Structures are given as C-alpha cells and as structure tokens.
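Fold and contact review
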Amino acid sequence: MSFTKMFVLLAACSIASLAGAFQSTPAATPPTQPAAPTKPADAEPPARKTRNVILCIIDGLRWQELFTGADESLFTEAAGGVKNDASVRANYWRATPEDRRETLMPFFWSVVAKDGIVFGDRTRNAPGRVANEYSVSYPGYLETFCGFPEPLIKDNKRIMNPHVTVFEWLNSMKDYNGRVAAFTTWDLFPWIFNVERSKLPVDDGIQPCKFGRITPRIEFINRLRAETPRRWGGSHFDSMAFHVMMEWVEVNRPRVLFFGQGETDEWAHETDYEKYLDAARRTDQYWKELWEMLQKDPQYKDQTTIIFTCDHGRGDNTKSPDDWSNHGKTHPGSDQWWVAVMGPDTPPTGVVGDHEMVAQSQVAATLAWALGHDWCKQEPRAGKPLEGAIVEPK
Ligand SMILES: [Zn+2]
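Residues numbered from 1 in each chain as written. Predicted model: local features only at pLDDT ≥ 70, side-chain atom pairs only at ≥ 80, totals over all residues.

**Some details on the sheet that holds strand β5 (residues 202-203)**
Strands pair in a sheet through their backbones, by hydrogen bonds, and they do so in one of two ways: parallel or antiparallel. Across the sheet, which stays open at both edges, the eight strands sit in the order β5-β4-β6-β1-β7-β8-β2-β9 with mixed pairing between neighbours. Edge positions in the open sheet fall to β5 and β9 (350-351), since each of these has one partner strand only. The sheet contact formed by strand β1 (residues 52-58) and strand β7 (residues 304-309) spans six bridges and is parallel. Of the residues in β7, the one forming a bridge with Asn52 is Thr304. Of the strands in this sheet, β1, β7 and β8 (339-342) are in contact with helix α15 (residues 363-370), which crosses β7 at around 170°. (Pairing = 2+ DSSP bridges. Helix = DSSP H or I, 4+ residues; strand = E, 2+ residues; numbered from the N terminus. Contact = placed C-beta atoms within 7 Å. Axes fitted to C-alpha atoms, helices over the stretch in contact; angles between N-to-C directions.)

Rendered as structure tokens:
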C-alpha cells in the first residue's frame, strides 16, 4: 500500500468514525450483564427552543419509495403481488418522482421536507446507511436508540438490550423523569428498551396499555387489541398503537416520545406492494395528525423536534425482481437508510444533496442534542449529531 493510499484510507476512516458510520467493533457488553445508566453531566445545556422530542420510525420503508414514490416495475403479480394494477396505479402512479412521492406521503413532502432537513436521497448523491452489519430490525433499533451498532445482537431474538438507550438516559434526568414513553406495534420493543432495567413505559400495541393515566377511549382500544385477531405473530396493526398514543399524549404530557409503526415491513414480507404503499401512506397521515395535535397545544407548539426515520432498508431488486420484499445481509440495498428532522431548532433546509455518508448511529445524539444534551459525552461510542440538523438560536 502506497503512503498516499494509506493516508487517504486513514483520512476516510477518521471522517467516518466522526460520523459514527463505520465504527470498528465496539467493546461489547455481554447481553447478560446490563449496565446501569450513569448520572448525566451537570453542565448547563446550550439554549434551545426545543422542549420536547419525538422519534418516529416507520419499519423498513425504503428510501426508494420515500424519495421517488411508487415503483411501477413492482405493479405485477410476480414482483409485487399485484394481481390487478388498476387501484395501485390510480392511487400511487404519477408521471414524475416528485408527484409520486407527494402522492404517497403528502405530509412528509409538504411539511417535513419544507420545514425540516432530509438526508439519504441517493438520487442526489446523498447516501445514508445503517452502521450495523445485519440490516434487521432489532440491530437497527438498538443502533438508533443507543448510537452505535452492537454486533452481538444479530437478529430479532428476545435478548434484553445490554446497553442504555438515549431514552433511558433522558429519563434519568429530573426534567424528563417519568415523562418518557414509547408506543409501538411489536412485542420486541420491551426488550429493546430493556424495561426490566430502564422501567420505561413501553406499549407493545398488543397487550393492554396500562401505564399513566388511562381514559375510557384507551380502555376501548385495549379491548379492540384483544378482540381483533392478529395477522402477524408478534405485532399488531399500526392503528392499534396510533390511537392509544394520541390519547395518551394528550392526557399524560410526555416530553420524550417514541412512536413506532410496523405494517410497512409486515406487508413487504408478504410481497404485497400495494398494502406496503397503503401502510406508508397511513403512517404519513398518522404523523400529520400527531403534528397537528402538537401544534394546537401550548406545551408542544413550536417547541417539539421530531425525527422521522426507518430501521433498515430493503432489497434493491438487483438480486431478483421481488427482493424489495426482504432485507438483511444477503439482500443488497438493505443497509441503505434515510432520516429527516423537523423542529424549532432545525433550519428549513429541505432535502440535502451531495452530503457525506450519514448513519443510523447519529440519531440518538441528534435527539439528545435537540434538547441541548450531549449523548456522545455520555456514550463515546455514539455517532455525532447529524450536521445541520440542530442549530444554535441566533
Ligand atoms: Zn422485516
């Protein structure tokens, strides 16, 4: 290896490790030895308008659909499970990628992409990726919540997350203690948040939601959850989490919230492209309703930063025409990832073109940084906050 080559490589490595994108294997704590969160630093946080943060994850929604809308080549039975393309074409096909994406996710494109900042548009030389090598859900959520990949968590086995998430850390601070919550549709989330240790209230969308103040409306949806047969073993329909979350937020006033939606991934695994698109559109509508509720509420209005992202990509169809339906190491494209941030400390940059590689490992620090807290100081393995996502007030 020539000196120049070595220098280029070293420089690339240091840039990448700054971004937290390609960290070498971190010193892994065995999953059986949970670590306790250490006391946060006492330093005065920098001034922010943000008082609340929300992380919204749509499971396995590809950047291809987010940035370019529906893919016409998947409107077939063989590739997309579409027997008759009339409705999918009418609902989602438009002449340009811009029209297609706005048709698929109108809230994201008319509000988030205008008022916020968006990373990961590979059509504009702006790549994003997961730093973990698996491109599977648990490794992706762990990386998102903790800020680094954990090579010991390879798949979706029920193992308590050995690491402290940024949510658990924020919950240990007096400003947020008891005001952190998670609403999801998957029964693995209590493990990912390590509820045994963290004691965080985590709603899995299947069991009745029982924490905090419970209203008759929540009781009713709890009953619907139990009485509606589940299509998938460990997860429920997105609506079962969304409506509980909306009501719960109104009456319990959290300051740090996780909202996870999973139908996109479930329908994709069934190779049902139309239902995958329907689920993406529904989640976009849910995000809109959440945003509108927050903007009518003095605690949240213009004081809430929301991060929107996915846990992994999916196959890019170079392997086979229906490979979009799956994801993981053996499905090329699954590590491709996107993220958007919107809030009072985020400039209305829109879609960023020609950016350096950004990584899933940067989300945890960005979330904390929106509140003025330095997750990288607490957890040195964590990727740095996304550049340009949170700016100091003038
Ligand atoms: Zn999946």
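And the narrative resumes.
**A closer look at the environment of Lys157**
Among the secondary structure elements, Lys157 is positioned in the loop between α7 (137-146) and α8 (166-171). The spatial distance from the C-alpha of Lys157 to the C-alpha of Trp191 is 9.4 Å, given a sequence separation of 34 residues.

**Notes on unusual backbone geometry**
Here Thr271, not a glycine, exhibits a phi torsion of approximately 55°, which is positive. Looking at the element boundaries, Thr271 is found in the loop between α13 (263-269) and α14 (273-295). At Asp302, a position not held by glycine, the phi torsion is positive, near 55°. Looking at the secondary structure, you find Asp302 in the loop between α14 and β7.

**Re α14**
Over its 23 residues, α14 extends 33 Å from the first C-alpha to the last, a length consistent with the 33 Å expected when each residue adds 1.5 Å. Within the span of α14, buried status applies to Tyr273, Glu274, Tyr276, Leu277, Ala279, Ala280, Thr283, Asp284, Tyr286, Trp287, Leu290 and Trp291. (Expected span 1.5 Å × (residues − 1). Buried ≥ 20, exposed ≤ 12 C-beta atoms within 10 Å, placed from the backbone.)

**Re the confidence of the model for the chain**
Chain-level statistics for the chain give a pLDDT mean of 91 and a share of 88% at 70 or above. β1 holds the highest mean pLDDT among the elements of the chain, 99, whereas helix α1 (residues 3-19) holds the lowest, 36. Taken together, the stretch residues 1-34 has pLDDT below 50 and engages in 53 contacts with residues farther than four places along the chain or on a different chain. (pLDDT = per-residue confidence, 0-100.)

**Overview of the packing of helix α11 (residues 216-227) against helix α12 (residues 238-252)**
It is at 10 Å that the axes of α11 and α12 come closest, and there the two elements cross at 165°. As summarised for this structure, α11 and α12 are arranged roughly antiparallel, according to the angle between their axes. The handedness of the crossing between α11 and α12 is left-handed. Each of Arg217, Ile218, Ile221, Leu224 and Arg225 in α11 lies in contact with α12, whose residues at this interface are Met240, His243, Val244, Glu247 and Trp248. In terms of residue class, the contact of α11 with α12 is made up of six nonpolar, one polar and three charged. (Parallel < 35°, antiparallel > 145°, perpendicular 65-115°, else oblique. Left-handed = near helix turned anticlockwise from the far one by under 90°. Nonpolar A, V, L, I, M, F, W, Y, C, P; charged D, E, K, R; others polar.)

**Digging into the pairing of β7**
For β7, a buried count of six out of six residues is recorded, marking the element as mostly surrounded by other parts of the structure. Of the two faces of β7, both are covered, the one formed by Thr304, Ile306 and Phe308 as well as the one formed by Thr305, Ile307 and Thr309. Where β7 meets β8, four bridges bridge the pair, whose relative direction is antiparallel. In the strand pairing of β8, Thr309 is matched with Val339.

**Looking at the pairing of β1**
Counting buried positions over the seven residues of β1 gives seven, a clear majority of the element. Where burial is concerned, the two faces of β1 agree: the one with Asn52, Ile54, Cys56 and Ile58 and the one with Val53, Leu55 and Ile57 are both buried. Where β1 meets strand β6 (residues 256-261), six bridges bridge the pair, whose relative direction is parallel. By the bridge assignment, Val53 is partnered in β6 with Val256.

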